[in-house]
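# Descriptive structure summary
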Amino acid sequence: MIDVKLVKPEPLLNSTNGDEIKDHKERRDFYRKANNYAKSMMASTVTDAVYQKIMDKETAQEDWKALKEQFEALSKDQLFKICTEFFAFNWSLGDDVPIHIINSGVCGMN
């Protein structure tokens, strides 16, 4: 929903008629409700620390972009760490599987 481009209506010009004003008000109200709903959904699902990073954004789309930038970087870092650990794996001769797991720090036992 947030990636869809729901655009905030531009302010009306002075030379508008009653139908244009009514249509503009409907579009403006729809945009405001949709934006507020999306922002509240995001705010209610993130931690306080993460919320501090998006609370100054005006639109839900800006919130989403900030969250995406923050967490995409984290996921890339985590993937790099996992790959590094995978390729650094080595088996010590003489160790059986339980001893190797304990010594390698898998399962947080090291």
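An account of the accompanying structure is given in this report.

Reading the values: rules and limits
Residues numbered from 1 in each chain as written. Predicted model: local features only at pLDDT ≥ 70, side-chain atom pairs only at ≥ 80, totals over all residues. Heavy atoms only, no water. Salt bridge = Lys/Arg side-chain N within 4 Å of Asp/Glu carboxyl O. Helix = DSSP H or I, 4+ residues; strand = E, 2+ residues; numbered from the N terminus. Buried < 20%, exposed > 50% of the residue type's maximum accessible area, 1.4 Å probe, protein only. Polar contact = N/O pair within 3.5 Å; in protein donor to acceptor, adjacent residues only side chain to side chain. Contact = heavy atoms within 4.5 Å. Expected span 1.5 Å × (residues − 1). Axes fitted to C-alpha atoms, helices over the stretch in contact; angles between N-to-C directions. Parallel < 35°, antiparallel > 145°, perpendicular 65-115°, else oblique. Nonpolar A, V, L, I, M, F, W, Y, C, P; charged D, E, K, R; others polar. Core = buried A, V, L, I, M, F, W, Y, C linked by side-chain atoms within 4.5 Å.

The full count for this structure, using the stated rule, is seven salt bridges. Of the charged contacts, one joins Lys25 and Asp29 as a salt bridge, the two residues approaching to 3.0 Å between their closest N and O atoms. Here Lys25 pairs with Asp29, and both are found in helix α1 (residues 18–45), just four residues apart, close to one helical turn. Judged by its relative accessible area of 44%, Lys25 falls in the partly exposed class. For Asp56, the salt bridge identified is with Lys57, shortest N-O distance 3.9 Å. A relative accessible area of 60% places Asp56 in the exposed class. Ionic contacts of the salt-bridge type, sharing partners, join the residues Lys25, Arg28, Asp29 and Arg32 into one network.

Summarising the element assignment, Thr59 is placed in the loop between α2 (48–54) and α3 (60–88). On the basis of relative accessibility, which here comes to 13%, the residue Thr59 falls in the buried class. A distance of 3.1 Å separates a polar atom in the side chain of Thr59 from the backbone nitrogen of Glu62. Excluding residues within four positions of it along the chain, Thr59 makes contact with Tyr31, Asn35 and Lys39.

So, on to α1. For an α-helix the count is 3.6 residues per turn, leaving residues at separations of three or four pointing the same way. Taking 1.5 Å of rise per residue, the 28 residues of α1 would be expected to cover 40 Å, and the 41 Å separating its terminal C-alpha atoms lies within 8% of that figure. Buried within α1 are the following residues: His24, Asp29, Tyr31, Ala34, Asn35, Ala38, Lys39 and Met42. Looking at the buried side of α1, the elements it contacts are α2 and α3. Between a side-chain oxygen at the N-terminus of α1 and the backbone nitrogen of Asp19 the separation is 3.0 Å; the capping residue is Asn17.

Attention now moves to the packing of α1 against α3. Contact geometry of α1 with α3 gives a least axis separation of 8 Å together with a crossing angle of 30°. The angle between α1 and α3 places the two elements in the roughly parallel class. From α1, Asn35, Ala38, Lys39 and Met42 reach across to α3, where they touch Ala60, Asp63, Trp64 and Leu67. Residue classes in the contact of α1 with α3 are distributed as five nonpolar, one polar and two charged.

This part covers the nonpolar core. The biggest cluster of nonpolar side chains holds seven residues, and these are Ala38, Met42, Val50, Ile54, Ala60, Ala66 and Leu67. Looking at this core, the elements that each hand over two or more residues are α1, α2 and α3. Per-element tally for this core: the top contributor is α3, with three residues.

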